[in-house]
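This is what each chain is made of:
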Amino acid sequence: MYKKLNNIGDSAIVCDFGNDVNQSVNNEVIKLFNFIKQQSELKKIEGITNCAPSYNKLIISFNLQTTNFEKVCSFIKSINFNNLNLSQDKKEWTIPICYDFEMDLTNMSKELKLAKEEIISIHLKSTFFIYMIGFVPGHPFMGDLDPRLFLNRLKTPRVKVPAGSVGIVEKFCNIYPYESPGGWNIIGRTPTKLFNKKDNSNPCLLSPGDSVKFKSISKKEFEKLNNEQ
C-alpha cells in the first residue's frame, strides 16, 4: 500500500511506497503499475499516458486535456488494495555471461578479499529479482546480490561502458543495454540484446518482477551468439 501521493509538475503523480528497497515493497509497486495499466487499456480511467515503476515509487503521467490531478488521485484512492491480486506474468530468464570481458575483477578481488573464481561462483549461484527498468531503455536494476559481493561505485565513473556489460554495486546487479557512461564494477559481458526498438509492442526483453540467473559461457561462445543477433 502506498504511503502518500504527490504531484510532479502539473501532469504527473508519484505514488510513494516509502523508503524501503525490498521485494515485498516492489511487488506492491508492480501490482499497482499493472492494475493502472490494465484499467487504462480498458478505458476505466482516461488520460493516462505513462506509468513508470521504480524500487518503491510509481510515477503516473496523464494528459491534462483529458484529466487532472484530482481525478487521477480520486481513482487511486478508490482502489481496494486488499483485493488487488492482479496476476503478474513473471518470467525466469537465464542470461549468458562471459567473465573474460570483465573490467574490474582484479580490483574486486582485492577489495572483497575473495579469489576471482569465488566471486564468479557466487555471482552464478545468485538469482536476481528485477526491481525496475530505467536509466536507458531496457536497462534492468536487479537485486538482491549476495552480501559477500557488496561494493561501492567506482570513484571515477567510466565515460564509456561497452554494451552488454554486467555490473554490480552495493546490493544490486545491472546490465548495460547500450554503450554508455557508468560507475558500476564490471564483472563480465552478455551477448543478449535487452532492447529491440523495432518491436513497438514490447521492446524491452526484461520486465520488473522477472528474475534472472546467469550462465557462464566462453569467449568463443560469446562471439558466436553476438554475431547471430
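The paragraphs below set out a description of the structure included in this document. (Residues numbered from 1 in each chain as written. Predicted model: local features only at pLDDT ≥ 70, side-chain atom pairs only at ≥ 80, totals over all residues. Heavy atoms only, no water.)

A few points about the packing of aromatic side chains
Then, number 1: Taken as a whole, this structure holds eleven aromatic pairs when the rule is applied.
Then, number 2: Consider the rings of Phe101 and Phe222, whose centres lie 4.5 Å apart with planes at 45 degrees: the pair is tilted. On the criterion of sequence distance, the pair formed by Phe101 in the loop between β5 (92-97) and α3 (105-112) and Phe222 in helix α5 (residues 219-228) is long-range, its members being 121 residues apart. As far as burial versus exposure is concerned, Phe101 and Phe222 are alike and both buried.
Then, number 3: Here Phe141 and Trp184 contribute two aromatic rings whose centre-to-centre distance is 5.9 Å and whose plane-to-plane angle is 65 degrees, an arrangement assigned as edge-to-face. Here Trp184 lies in the loop between β11 (180-182) and β12 (185-189) and Phe141 lies in strand β7 (residues 140-143), a separation of 43 residues in the sequence. Take Phe141 and Trp184: they sit in the same class, and that class is buried.
Then, number 4: One aromatic cluster is present, formed by Tyr55, Phe129, Tyr131, Phe141, Phe172 and Trp184 through successive ring pairs. (Phe/Tyr/Trp six-rings, centres within 6.5 Å; stacked < 30°, edge-to-face > 60°. Helix = DSSP H or I, 4+ residues; strand = E, 2+ residues; numbered from the N terminus. Buried < 20%, exposed > 50% of the residue type's maximum accessible area, 1.4 Å probe, protein only.)

Considerations on the sheet that holds strand β3 (residues 48-53)
Then, number 1: Strand order across the open sheet formed by four strands is β1-β2-β4-β3, with antiparallel pairing between neighbours. The sheet is open, and its two borders are formed by β1 (4-7) and β3, each paired with just one other strand. On average, each strand axis in the sheet is inclined to that of its neighbour by 20 degrees, with strand direction left out of account.
Then, number 2: In the sheet, β3 pairs with strand β4 (residues 57-62) via five bridges, with the strands oriented antiparallel. Within the sheet, the bridge partner assigned to Ala52 lies in β4 and is Ile59.
Then, number 3: Its contacts with the sheet put helix α1 (residues 23-41) on β2 (12-16), β3 and β4, and the angle it makes with β3 is roughly 165 degrees.
Then, number 4: The strands touched by helix α2 (residues 69-77) within the sheet are β1, β2, β3 and β4, with β1 carrying the most contacts at an inclination of about 165 degrees. (Pairing = 2+ DSSP bridges. Axes fitted to C-alpha atoms, helices over the stretch in contact; angles between N-to-C directions. Contact = heavy atoms within 4.5 Å.)

A few points about the pattern of salt bridges
Then, number 1: All told, the structure shown has six salt bridges when counted by the stated rule.
Then, number 2: One salt bridge connects Lys31 with Glu28, and the closest N-O pair in it is separated by 3.3 Å. Of this pair, Lys31 and Glu28 both sit in helix α1, three residues apart, which is roughly one turn of that helix.
Then, number 3: Residue Lys31 is classed as buried on the basis of its relative accessible area, which comes to 15%.
Then, number 4: For Glu228, the salt bridge goes to Lys224, with nearest N and O atoms at 2.6 Å. Taken together, the residues Glu228 and Lys224, both in helix α5 and four residues apart, mark about one turn of the helix. (Salt bridge = Lys/Arg side-chain N within 4 Å of Asp/Glu carboxyl O.)

Comments concerning the environment of Tyr131
Then, number 1: Tracing the backbone through its elements, the reader meets Tyr131 in strand β6 (residues 128-133).
Then, number 2: Taking relative accessible area as the criterion, Tyr131 reaches 0% and is therefore assigned buried.
Then, number 3: Once the C-alpha coordinates of Tyr131 and Phe172 are considered, the two residues, 41 residues apart in sequence, prove to be 9.6 Å apart.

Quick notes on the sheet that holds strand β13 (residues 211-216)
Then, number 1: Across the sheet, which stays open at both edges, the seven strands sit in the order β5-β13-β6-β7-β10-β9-β12 with mixed pairing between neighbours. Looking at which strands have only one partner, the edges of the open sheet turn out to be β5 and β12. Direction aside, neighbouring strands of the sheet carry axes that sit 35 degrees apart on average.
Then, number 2: Strand direction decides the pairing type here: β7 and strand β10 (residues 172-175), joined by two bridges, are antiparallel. Bridge pairing in β10 links Phe141 to Asn174.
Then, number 3: In this fold helix α4 (residues 116-125) packs onto β5, β6, β9 (165-169), β10, β12 and β13, with an angle of close to 140 degrees to the strand it touches most, β13.

Re the nonpolar core
Then, number 1: Grouped together as the largest cluster of nonpolar side chains are 25 residues, with contacts concentrated most on Met108, Ile119, Met142, Leu149, Ile187, Val212 and Phe214.
Then, number 2: Put simply, the parts of the chain that give this core at least two residues each are β5, α3, α4, β6, β9, β10 and β13.
Then, number 3: Membership of the second largest hydrophobic core comes to 24 residues, among which are Ile13, Phe75, Ile76 and Phe81. (Core = buried A, V, L, I, M, F, W, Y, C linked by side-chain atoms within 4.5 Å.)

Details of the pairing of β6
Then, number 1: Among the six residues that make up β6, five are buried, leaving the element largely enclosed by the rest of the structure.
Then, number 2: In the sheet, β6 pairs with β13 via two bridges, with the strands oriented antiparallel. Its bridge partner lying in β13, Phe129 is registered against Ser211.
Then, number 3: Judged from the four bridges that link them, β6 and β7 form a sheet pairing that is antiparallel.

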